[in-house]
Number of protein chains: 2
Amino acid sequence: MRIAIDAMGGDFAPLAPVKGALLARERYPETELVLVGREDAIRGALREAGKTDLPAGITIRNASEVVEIADDPAKAFKKKPDSSLTVGLTMVKNGEADGFVSAGSTGALLAGATLVVKRIRGLRRAALAPTIPTATGRAVLLDCGANAECSVEYLLQFAYLGSYYAAKVLGVEKPRVGLLNIGAEEEKGDALRRETYQKLAEAHARGDLNFAGNVEAKEALLGACDVLVADGFSGNVMLKSVEGAGKLMSGMLKGMLLKNAGTKLAALLLKGGLREFKKTLDPNEVGGTALLGISKPVVKAHGSSNETAFCNAVRQAVEVARSGIADDIARDIDKMRLDRAGGEANAAL
Amino acid sequence: MRIAIDAMGGDFAPLAPVKGALLARERYPETELVLVGREDAIRGALREAGKTDLPAGITIRNASEVVEIADDPAKAFKKKPDSSLTVGLTMVKNGEADGFVSAGSTGALLAGATLVVKRIRGLRRAALAPTIPTATGRAVLLDCGANAECSVEYLLQFAYLGSYYAAKVLGVEKPRVGLLNIGAEEEKGDALRRETYQKLAEAHARGDLNFAGNVEAKEALLGACDVLVADGFSGNVMLKSVEGAGKLMSGMLKGMLLKNAGTKLAALLLKGGLREFKKTLDPNEVGGTALLGISKPVVKAHGSSNETAFCNAVRQAVEVARSGIADDIARDIDKMRLDRAGGEANAAL
């Protein structure tokens, strides 16, 4: 297994991705890593991390360009053919790497992955599929911003993508698929939700999905489903709301703990618990966001990823590659297409 | 000032609204209250609250029917003309009360308010406008679920409604109006957001609104704006996400504090801070959700409202009535209409 890492992407590049690669080699010695980017910058970061020689199992693939935030995401990978992003994705396309991890621009990564590595045949769109914390564990939320406007077929396909991911990568048995909505009843929401509800219910009736019905954001966070299907706009609103609420409450908690000598003593007494608390909300612990629907593993690491985050994102790319989820989806693609699925359902009546 | 209270609405009716009325009379002695509902039930609740006689300033308006959750919200007010909901709203319409507070079905209240009390002339839709906690105070989020599908004009009108409410009722000077979006840049989001952005920017240029641009959910929670404009679907997703994340984190915090003797001691040391923490997230403290756009004050109290919540909702109805916001909106309605506002803007070019 060989994973390519974008050494130039993210707020702390190249040091964080380089250190992340070193950590991943320690933790997952069976995984080879390729650091993609400006060789001199990568070698400088390695020295900064205390490595004068390239450790065994890590190689460098030089790429002279860097995709910047100012670049047009839709065109960056094409305009900068020798960027770490384009070179890394091309390696995956050509089979020189089994997966790619980048903390660079989400839009550029998505556009590049779609046009270089390509979607699984028959899928209309790829989706950003991070996991969010819930009261009972975690849930996959997709789409989270790749597609601001969605059709019924997109949402139906996201349901399958999320379900396969939860089952094959996260190890959830019969993942409960919820449709993010503003009420639990079948008729709630807008036309998109009402039509999608019907399609998901049909898939459930056929035994193809374990559809748990409409799920409100609050209930999802309390553990009502394992996969939450959303258009990219409301999915992103939910993700950012959870992040914001977490930050808001952590700030309040911090203020409360630093108030006086008594509260500082309390903070000491709570040390272990506070660490757990922080860990649950820390995106670095999760790894990254899988780009589901792309034919090979591409993982978007958080922009502010540290070495732990890069290491976890590598683990995630390995898990996606091992799961064989892309093959499963390709095999079952007919179930996810509205023309065919609809036809079958009607034929079964 | 006289406020009518739906004595039959909410999880703890009639006791909670009756006790809320008693509390409101104590706190705001200049406000008269009318308890609307089944007289025997209301008198029973008064006795349970230790009042054998009807206190001064509180009257009862008998209404024999109750709108139930099972009733079709769109028709409930009409099908049950002698319900507490319909009678209360009719009192407001006829000037027998200056505002109405209900913890009953949101949908039925909204439909009833729209069709009995009526919208301010020229407004396309009324909006649910709760406030959400932020790192710097609170922000008005609208719409939050009344309108799952919105047009550019709806959103433009919500911006004005929220801005007037923040300025006149919450006392915010030049409220910063943000458009809930999935990125800060002008071109982010879907077609609805891009068009609405332009209209809000035009209103800003004319000096009619203080438009702060696109705001992500996370930044809104950290205090980026005073008014956050959303379609009812994504606004509701945001509201419920914040509620859910709050519940999730409170649960984690509780588990952490009850772990062992040491953490229980910590909980004691943090007592005051934890109370503040809980208060910030407690919907009962806020009062209710204003139905903005209705020509007279109608406040939706949380379904699980306790007496404090009802009392705060009464205060809120009084504040909305005193603010004169409905008159201001009626006066400035031309600014909020796309045909006219657009015409003016074009004429000014």
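Residues numbered from 1 in each chain as written. Chains lettered and ligands numbered in written order. Predicted model: local features only at pLDDT ≥ 70, side-chain atom pairs only at ≥ 80, totals over all residues. Heavy atoms only, no water.

With 52 residues of chain A at the contact, the number on the chain B side is 52 residues. Together chain A and chain B conceal approximately 4,300 Å² of surface at their shared face, both sides included; 81% is due to carbon and sulfur atoms. By the criterion of area lost to chain B, the three top residues of chain A are Ile182, Phe233 and Met249 of chain A, representing 17% of everything that side buries. Linking chain A with chain B are four salt bridges, by the criterion used here. When residues of the side of chain A that touches chain B are traced back to their parent elements, those giving at least two are β6 (131–134), α7 (191–205), α8 (217–221), α9 (232–257), α10 (261–269) and α11 (271–281) of chain A. When residues of the side of chain A that touches chain B are assigned to their parent elements, the largest contribution, 21 residues, is made by α9 of chain A. Among the residues forming the side of chain A that touches chain B, the class breakdown is 27 nonpolar, 15 polar and 10 charged. (Contact = heavy atoms within 4.5 Å. Buried area = accessible area lost by both parts, 1.4 Å probe. Salt bridge = Lys/Arg side-chain N within 4 Å of Asp/Glu carboxyl O. Helix = DSSP H or I, 4+ residues; strand = E, 2+ residues; numbered from the N terminus. Nonpolar A, V, L, I, M, F, W, Y, C, P; charged D, E, K, R; others polar.)

Residue and element names in this part refer to chain B. Looking only at helix α2 (residues 39–48), the buried set comprises Ile42, Ala45 and Leu46. Taken around the axis of α2, the buried residues stretch over an arc of 105°, which confines them to a single face. In α2, the exposed positions angled more than 90 degrees off the buried face are occupied by Asp40, Arg47 and Glu48. Buried positions along α2 lie against α1 (15–27), β2 (32–37) and β3 (58–62). (Buried < 20%, exposed > 50% of the residue type's maximum accessible area, 1.4 Å probe, protein only. Arc of directions from axis to C-beta.)

To continue, consider the sheet that holds strand β11 (residues 288–292) of chain B. Residues and elements named next belong to chain B. Strand order in the open sheet formed by seven strands is β3-β2-β1-β4-β12-β11-β5, and the pairing between neighbours is mixed. On the outer flanks of this sheet lie β3 and β5 (127–129), each paired with one strand and no other. Strand-to-strand twist across the sheet, computed as the mean angle between neighbouring axes with direction ignored, equals 25°. The pairing of β11 with strand β12 (residues 298–301) spans three bridges and is classified as antiparallel. Paired with glycine 288 across the two strands is alanine 301, which belongs to β12. Across the sheet, helix α4 (residues 84–93) touches β1 (2–6), β2, β3, β4 (99–102) and β12, and the angle it forms with β4 is around 160°. (Pairing = 2+ DSSP bridges. Axes fitted to C-alpha atoms, helices over the stretch in contact; angles between N-to-C directions.)

It is worth spelling out the packing of helix α4 (residues 84–93) of chain A against helix α5 (residues 106–118) of chain A at this point. Residue and element names in this part refer to chain A. Contact geometry for α4 and α5: axes closest at 10 Å, N-to-C directions at 35°. Between α4 and α5 the crossing geometry is right-handed. Contacts between α4 and α5 involve Leu85, Leu89, Thr90, Val92 and Lys93 on the former and, on the latter, Ala108, Leu109, Gly112, Ala113, Val116 and Val117. Within the contact of α4 with α5, the residues separate by chemical class into eight nonpolar, two polar and one charged. (Left-handed = near helix turned anticlockwise from the far one by under 90°.)

Residues and elements named next belong to chain B. In terms of residue burial, β2 counts as a mostly covered element, since five of its six residues are buried. Between β1 and its parallel partner β2, the chain crosses via α1, and the hand of that crossover is right-handed. Where β2 meets β3, five bridges bridge the pair, whose relative direction is parallel. Across the sheet, leucine 33 pairs through a bridge with isoleucine 58, a residue of β3. (Right-handed = clockwise from strand over helix to strand, strands pointing away.)

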